[in-house]
Each structure stands twice: as structure tokens, then as C-alpha cells.
Amino acid sequence: EAFSAPVKELNGDVVWHGILSDVTERVVSEREFAERERMISAINNAAPSLIILWDVFSGTILYINKIVSQILGYSPDELYGMSNEEIFSRFPQSELVHMADFNKRVSAARDGQILDFETSYRHKSGEIRLLSIRETPFERNEKGRVTKVLSVVEDVTEHKTAVLALRKSEERLQKLHTIIADPD
């Protein structure tokens, strides 16, 4: 990187003064940073789980990956624009008490501790989806209070529906077996 400027001396001559700096380290560092950012973005957007970074105090979403449109029906931009109240209004009223308790537990969690929670959420289409949520403290302030929380969310609706159908089928088979084994 170079910078130079002409300076007119008292005798009328023009002399160029300049500085030449080696910026190799900075350029390499910027390239490495950009590559890490590209890699992290590719991983996050290829992940089958919804990844969200929350600001605890404002309730705003700081980061959300693109799978959100499949899991919740909203684009990342729509959720970035929503208030905390709008986001939480999509949870059934009965779940809000459990969510508040869960959020308190996450705020009290140790660094690296992962807490699990299952809840239901109203998809943008109005359909109720069952979600498995894993959260961990992501950042703390100087007083040690959790300021950011990382959430990984999976839509377990189809899995839970299949498990329930399997249980019902097993119960019917058991009843049928009992009737056949003991017809009297």
C-alpha cells in the first residue's frame, strides 16, 4: 500500500514524499476471515436444523439460517423484522409459562450446557408444528449475565406423528392378539 503527495520546495522544485507499507499480513488475514465466514455460512445454510442467535435483553433475532422458511414458514427477513411479542404470539398460550421457565433455566445455565425443550408453534400457514429446541448460553456481559442465546430447533412433527401412529397400531395388534389367543 502506498501513499504519496507532491511538496513544492522553496526553490520551486517539486518533490514527492511518500510512505510504502507492506500489507501482506492484513490481506492474508482478510482473505482467511472471508473464507471462514463463507464456510460458516455454507454450514449453517446446509444444516437441517434451524439455527437462531437471540439477544436476551431486546428479544431480537441477531442471526437465523435459511431453513426457517421450511420449519416456520417465514423468511429470515420477516423474522428479523418481527418484535419479540410477534414471535412469541405464535406459541400457544399454554406453552408460554413453560417457555418462560425454560428461558430462566437457560439464563442460569453454565457455559457449554445445553438444555432441551419441546413445544408447539403455529407455522405461518396456521398449522401447528411440534418443535424440539436445544439452547445454550452464547455470550455473557461483564457481570456474567447471559446476553445472547444460541438455539437449534428441529421440526419433530412428522416423527411424533409417526410414533403415535405406531403406538396405536401396536395397541390394536395387541388387542387383536388377545382376542385370537383367548376367544372366550
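Residue positions are given per chain, counted from 1 along the sequence in the order it is written. Only residues with pLDDT of at least 70 get local features here, since the model is predicted, and only at 80 or more are side-chain atom pairs given and counted; chain-wide, interface and lining totals rely on the full set of residues. For the side-chain quantities, the full set of heavy atoms in the structure was used; hydrogens and water were omitted.

Draft legend 1. A look at a nonpolar patch on the surface. Together, Met39, Ile40 and Ile43 make up an exposed nonpolar region whose accessible area comes to about 280 Å². Per the convention used, a helix needs a DSSP run of H or I reaching at least four residues, while a strand needs a run of E reaching at least two, with both numbered from the N terminus. Mapped onto the fold, Ile43 is located in helix 1 (residues 24-46). Each patch groups residues whose relative accessible area exceeds 30% and which form no salt bridge, using 9 Å between like charges and 5 Å between nonpolar side chains of Val, Leu, Ile, Met, Phe, Trp and Tyr. What sets the accessible areas is the Shrake-Rupley method with a 1.4 Å probe; for residues, cover comes only from the shown protein chains. For this document, the term salt bridge refers to a Lys or Arg side-chain nitrogen within 4 Å of an Asp or Glu carboxyl oxygen.

Draft legend 2. Quick peek at the environment of Pro92. Checked against the element boundaries, Pro92 lands in the loop between helix 4 (84-88) and helix 5 (93-108). Taking C-alpha positions, Pro92 is 9.1 Å from Ile128, a pair spaced 36 residues apart along the chain. Leave out the neighbours within four places in its chain, and Pro92 touches Ser120 and Tyr121. Contact criterion: two residues are considered in contact whenever any of their non-hydrogen atoms come within 4.5 Å of each other.

Draft legend 3. Highlighting the sheet that holds strand 4 (residues 61-64). For two strands to count as paired, DSSP must find a minimum of two bridges between them. Here 5 strands make up an open sheet; going across it, the order is 4-3-7-6-5 and the pairing antiparallel. The sheet terminates laterally at strand 4 and strand 5 (115-122), the two strands that pair on one side only. Neighbour-to-neighbour, the strand axes of this sheet turn through a mean angle of 30°, independent of strand direction. Pairing between strand 3 (residues 50-55) and strand 7 (residues 146-155): 6 bridges, direction antiparallel. Within the sheet, the bridge partner assigned to Leu53 lies in strand 7 and is Leu150. In the packing of helix 5 onto the sheet, contacts are made with strand 5, strand 6 (128-140) and strand 7, and the angle to strand 5 comes to roughly 150°. All axes here are fitted lines through C-alpha atoms, helices being fitted over the stretch that makes contact, and every angle between N-to-C directions spans 0 to 180 degrees.

Remember, this is a structural readout, not a statement about activity or role.
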